[in-house]
Amino acid sequence: MPFLFLVDDFDRSYDKNMKLKKTLIILLPLILSSCGNEEVKYYQGFDYGIFHSFVSWTYGAKGEDFSNEITSYLERLDDLSDPYYPMAGEANLFSLNESSDWVAVDPVLYDLLKTATDLKEKTEGYFDPYIGKLTKLWKNTLFGEEEDIFPTQEEIDEAATKVPELLEEANSFSLSFDEENKKVKRNGTAHIDLGGLVKGYAVEQIEKIMSAHGSTIYNINGGQSSVGLGNTKSGKPFTVSVMYSKVEGENTFKFKEKDTSGSGVYEQQYRLNGKIYNHIVNPKTGMPLSDYSMAFLVGDDSSVIDAFATACMLAGPDKANEWSKKYDFYYSLYKDKDGYTDFVSESSELTAMRANG
Amino acid sequence: MDTKARIKKLTMVAILLAMALVLSIVESFIPFGIPGVKLGLANLIILLSIYYFGFWIPLAIDILRVFIASIVTGTFLGMGFVMSISGAIASFLLMYVFVRWIKCFTSVGASIIGAYVHALAQILIGVLYMNSWGIFYYFPVMALVALITGTVNGIIVEVLLNNSYLNKVVASTKKQAETSSN
Amino acid sequence: MADVEKKEKTKKFFLRHIWDFVLLVALSLGTASVFIARSINEQRKEEDALVATVYKNNQKMEIKDEHGKSVNPFVLSTINDEKHFTIEGSKTDLVIAVKHNSICVYSSNCPGQECVHEGWVSHPNHPIICAYNEIFIEIISHSWEEIIVG
């Protein structure tokens, strides 16, 4: 609009041109701003049945919807990490657990196994992917085939007798990795279970897909326990509530561009003779008992904090504090007190993120 | 008591009931988002009866017409029936109050409030039945229609009330009864 | 003379009905405010999730698809192709159809057919009701900026 600046100051035409000039000056930035910007469209995706739960996502993108890409990835990861059923034509976790030889696996499964092994070391064994048999034992004892049938003390005691043997089996187990050929080998008879890591891992990978497509505004929900947050449309932080815990009212935090993971045992648990049995097995004791009832973590790598959420819940505040500083995440730890959630401790950075009121 | 007056009264009430009934059945054919929602066209008759006959007779006409209409249309004791009955009673009570006690309103005002409360009562019953406030979604449209039909009905009633022939007929059902009881 | 009389008559008419008019305006404004509040409530950002829940007799219904997956509540904003589901109402069967951001009662054997006449619904707080079968379809919008973890 260069002619704007060539207007002469004739008396009669002055007023007319001033009006035009003013209008154009107002319109100019609008015209310019709409020229460069492509419109951002919002898409949503939902995959039910993944990891015996669901994964959903909402994201903003300038191009087409790439939810199909995410769904294909998730379906594949779900099949590969399934410990109950084999895959047709290729090796997955189920078939790996049955073999004692070198097995060639899909790079996705290889990376997942490697991550799991690495995290076992980082969490000093509080997150242990090799307790598959123990997890299965307690799942069958406590949450058997029929719902609403409570386990008896005898059944629990009977299961407890099997623990030392299975614990020894898990502790003496190791995995060997052949990086070049993407092969793994089981050294021992324990079974691998990736249930406590796979949601966080999936969320992390989906975030990478988002990055690859240039989407920075997103919200990825992995079964409501692992959540990956990008930016919001308005730029304001997300409001994140931690379920089943009321600490001074609602337990709500505000943040964005962080991953979160919640590990809690309130959903599936039984109280029997003063003890609370839940669905998370402690790899140190082999029992499904935990002193603490919930850990809520905020960090940058969804797979890391998924494993550490379990670990922090089992290990307690001192370890949680130590790890949080070493591996750069924030934690909030809770204990069960007669059915109510009692706050134990949390990182100061996370306290700062609490929503006031 | 003069038999002639009583017969005239009975006949008049029966005719009013029949007219209210016809209007009730006709309006049940006009569909809405929820079944059981009625426009309240019969309020015209009920309001007129209140001016002519006091409390119990118009109330009886109102309740009877809801009963018979619901039996005829096959919605007896269903959700539609409960909605109609509550709408009818609520609107009747308010119209009575507006006609007999609050004197600043004419028949138009009474008719408007009757129709509005009729719609409101139906919606509230719907909310109770469905256990959710979602039903309220339909209220603005119902209320708007109610206000229009209420105004129109009120004007019709006003015109009828000023009709000297009708007034004579009604008076004759009462006058003779009075003189004969002396 | 006749003109003045007419004016007097109209003036009298309005004075007599002044309170009726006030009532009419008051009720109209009251209803209008409810209407406006509802419209504001219906505002939904395109990135918010639109979720439809089907209730039968005030309880969430169990509806499964051909794979045995539970599909109720329907996350309408994530559905791409049109799908039909046959469900059992209290008295007759109904067919519910869902497509992207919309749900409707496709067909029903109830006598009133009000539910079918509603057609496709795409707004939150706009319910679909089949009173005969005690079916109530509720549509709500979830802000994507509020998350529950646990």
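Residues numbered from 1 in each chain as written. Chains lettered and ligands numbered in written order. Predicted model: local features only at pLDDT ≥ 70, side-chain atom pairs only at ≥ 80, totals over all residues. Heavy atoms only, no water.

Asks: Describe the overall build of chain A, and please don't skip the residues or the numbers.
Replies: Along its length, chain A carries 10 helices and 15 strands. The 357 residues of chain A split such that 48% are buried. Of the contacts made within chain A by residues no fewer than 6 positions apart, 58% connect residues no fewer than 24 positions apart. (Helix = DSSP H or I, 4+ residues; strand = E, 2+ residues; numbered from the N terminus. Buried < 20%, exposed > 50% of the residue type's maximum accessible area, 1.4 Å probe, protein only. Contact = heavy atoms within 4.5 Å.)

Asks: Can you explain a nonpolar patch on the surface? Please cite residues and give values.
Replies: Side chains of B:F67, B:I71, B:F76 and B:L77 sit close together on the surface and give an oily, nonpolar patch of about 390 Å² of accessible area. Structurally, B:F67 is set in helix 3 (residues 56-73). (Patch = residues over 30% accessible without salt bridge, like charges linked within 9 Å, V, L, I, M, F, W, Y side chains within 5 Å. Areas by Shrake-Rupley, 256 points an atom, 1.4 Å probe, with all protein chains shown as cover. Salt bridge = Lys/Arg side-chain N within 4 Å of Asp/Glu carboxyl O.)

Asks: I'd like to hear about the interface of chain C and chain B, residue by residue, with values.
Replies: If you look at the interface, chain C gives 22 residues, while chain B gives 27 residues. Together, the buried faces of chain C and chain B total about 2400 Å²; carbon and sulfur atoms form 69% of this surface. Put simply, chain C and chain B have one salt bridge between them. In this structure, C:R16 engages B:E158 in a salt bridge whose closest nitrogen and oxygen atoms are separated by 3.0 Å. Scanning the region where chain C abuts chain B turns up nine residue pairs in polar contact (both at pLDDT 80 or more). Of all the secondary structure elements, the ones that give two or more residues to the side of chain C that touches chain B are helix 2 (18-41) and helix 3 (114-118) of chain C. Top contributing element to the side of chain C that touches chain B by residue count: helix 2 of chain C, with 10 residues. Partitioning the side of chain C that touches chain B into residue classes produces 10 nonpolar, six polar and six charged. (Buried area = accessible area lost by both parts, 1.4 Å probe. Polar contact = N/O pair within 3.5 Å; in protein donor to acceptor, adjacent residues only side chain to side chain. Nonpolar A, V, L, I, M, F, W, Y, C, P; charged D, E, K, R; others polar.)

Asks: Could you give an account of the sheet that holds strand 5 (residues 93-99) of chain C, with specific residues and numbers?
Replies: Residues and elements named next belong to chain C. Strand order across the open sheet formed by three strands is 4-5-6, with antiparallel pairing between neighbours. A single partner strand is all that each edge strand has here, and the edge strands are strand 4 (83-88) and strand 6 (102-108). Averaged over all pairs of adjacent strands, the angle between their axes in this sheet comes to 25°, without regard to strand direction. Pairing analysis gives six bridges linking strand 5 to strand 6, with the strands arranged antiparallel. Within strand 6, the residue paired with L94 across the bridge is S108. (Pairing = 2+ DSSP bridges. Axes fitted to C-alpha atoms, helices over the stretch in contact; angles between N-to-C directions.)

Asks: For the pattern of salt bridges, give the residues involved together with the corresponding values.
Replies: Working definition: two side chains of opposite charge can pair if their charged atoms are close together. Residue and element names in this part refer to chain A. Per the counting criterion, the structure on display carries 14 salt bridges over all chains. Notably, a salt bridge pairs K182 with E179, separated by 3.1 Å at the nearest N-O pair. According to the relative accessible area criterion, K182 is partly exposed, its value standing at 26%. According to the relative accessible area criterion, E179 is partly exposed, its value standing at 47%. The residue D300 makes a salt bridge to K258 at a minimum N-O spacing of 3.1 Å. In this pair, D300 is assigned in the loop between strand 13 (294-299) and helix 8 (302-315) and K258 in the loop between strand 9 (252-255) and strand 10 (259-264), connecting sequence segments 42 residues apart.

Asks: Explain the side chain of A:K199 residue by residue, including any values.
Replies: All names here are of chain A. Mapped onto the secondary structure, K199 falls in helix 7 (residues 195-212). Buried charge without a partner: K199 forms no salt bridge, and the closest opposite charge is D306, 6.8 Å away. Excluding anything up to four places from it in sequence, K199 contacts F51, S53, G222, G223, S225, S226 and D306. (Lys, Arg positive; Asp, Glu negative; His and termini not counted.)

Asks: Would you mind going over the packing of aromatic side chains in detail, with residue names and values included?
Replies: Pairs of aromatic rings are described using the distance from one ring centre to the other and the angle between the two planes. Taken as a whole and judged by the stated rule, the model has 27 aromatic pairs over all chains. Plain terms: the ring middles of A:Y110 and A:F177 are 5.6 Å apart, the flat faces sit at 85° to each other, and that makes the pair edge-to-face. Note that A:Y110 is positioned in helix 4 (residues 107-122) and A:F177 in strand 4 (residues 174-178), a separation of 67 residues in sequence. With centroids separated by 6.3 Å and ring planes inclined at 70°, the aromatic side chains of B:F105 and C:W19 adopt a geometry described as edge-to-face. Of this pair, B:F105 sits in the loop between helix 4 (79-101) and helix 5 (107-130) while C:W19 sits in helix 2, each in a different chain. Among the residues examined, B:F105 registers a relative accessible area of 14% and is labelled buried. (Phe/Tyr/Trp six-rings, centres within 6.5 Å; stacked < 30°, edge-to-face > 60°.)

Asks: Provide a residue-level description of unusual backbone geometry, including the pertinent values.
Replies: All names here are of chain A. The residue F51 is not glycine, and still its phi comes out positive at about 55°. F51 sits in the buried class, given a relative accessible area of 9%. A positive phi is found at D328, a non-glycine position, where the angle reads about 60°. With respect to the element layout, D328 can be found in the loop between helix 9 (317-327) and strand 14 (330-337). In this structure D328 comes out as exposed when scored by relative accessible area, which is 52%.

Asks: Can you explain the environment of B:A90? Please cite residues and give values.
Replies: All names here are of chain B. Within the secondary structure layout, A90 lies in helix 4. Considered as a pair, A90 and A115 are 25 residues apart in the sequence and their alpha carbons are 9.7 Å apart. Not counting residues within four places of it along the chain, the set of residues in contact with A90 comprises V117 and A121.

Asks: Tell me what's going on with the pairing of strand 4 of chain A, and back it up with residues and numbers.
Replies: Residue and element names in this part refer to chain A. Strand direction decides the pairing type here: strand 4 and strand 5 (residues 183-187), joined by five bridges, are antiparallel. Note on strand 5: the bridge partner recorded for L175 is R186. From the end of strand 4 to the start of strand 5, which pair antiparallel, there are four residues, and K182 there has a positive phi angle of about 55°.

Asks: Describe in detail the confidence of the model for chain A, supporting the description with residues and values.
Replies: Of the residues in chain A, 84% reach a pLDDT of 70 or more, and the chain-wide mean stands at 85. Per-residue pLDDT stays below 50 along residues 1-14 of chain A; that stretch engages in 10 contacts with residues further than four places along the chain or on separate chains. (pLDDT = per-residue confidence, 0-100.)

Asks: Any details on the nonpolar core? Residues and values, ideally.
Replies: Among the nonpolar cores identified, the biggest contains 63 residues, and A:L74, A:L113, A:I192, A:M210 and A:L297 are the most heavily contacted of them. With nine residues, helix 8 of chain A is the largest single contributor of residues to this core. Here A:L74 is in contact with A:D47, A:I50, A:F51, A:V55, A:W57, A:A202 and A:I206, once residues within four sequence places are set aside. B:I61, B:I112, B:V157 and C:F136 belong to the second largest nonpolar core, which has 55 residues in total. (Core = buried A, V, L, I, M, F, W, Y, C linked by side-chain atoms within 4.5 Å.)

Asks: Can you lay out the interface of chain A and chain C for me, pointing to particular residues and giving the numbers?
Replies: In this assembly, 30 residues from chain A lie in contact with 17 residues from chain C. Of the roughly 2000 Å² buried where chain A meets chain C, counting both sides, 57% is carbon and sulfur surface. Considering only the side of chain A, the residues that lose the most area to chain C are A:Y42, A:Q44 and A:Y48, jointly responsible for 28% of the buried surface there. Between the two partners, chain A and chain C, sit four residue pairs in polar contact (both at pLDDT 80 or more). The element best represented in the side of chain A that touches chain C is strand 1 (residues 41-50) of chain A, accounting for seven residues. Of the residues contributing to the side of chain A that touches chain C, the split by class is 13 nonpolar, 14 polar and three charged. Strand direction decides the pairing type here: strand 8 (residues 238-242) of chain A and strand 9 (residues 146-149) of chain C, joined by four bridges, are parallel. Note that in strand 9 of chain C the partner of A:V242 across the bridge is C:V149.

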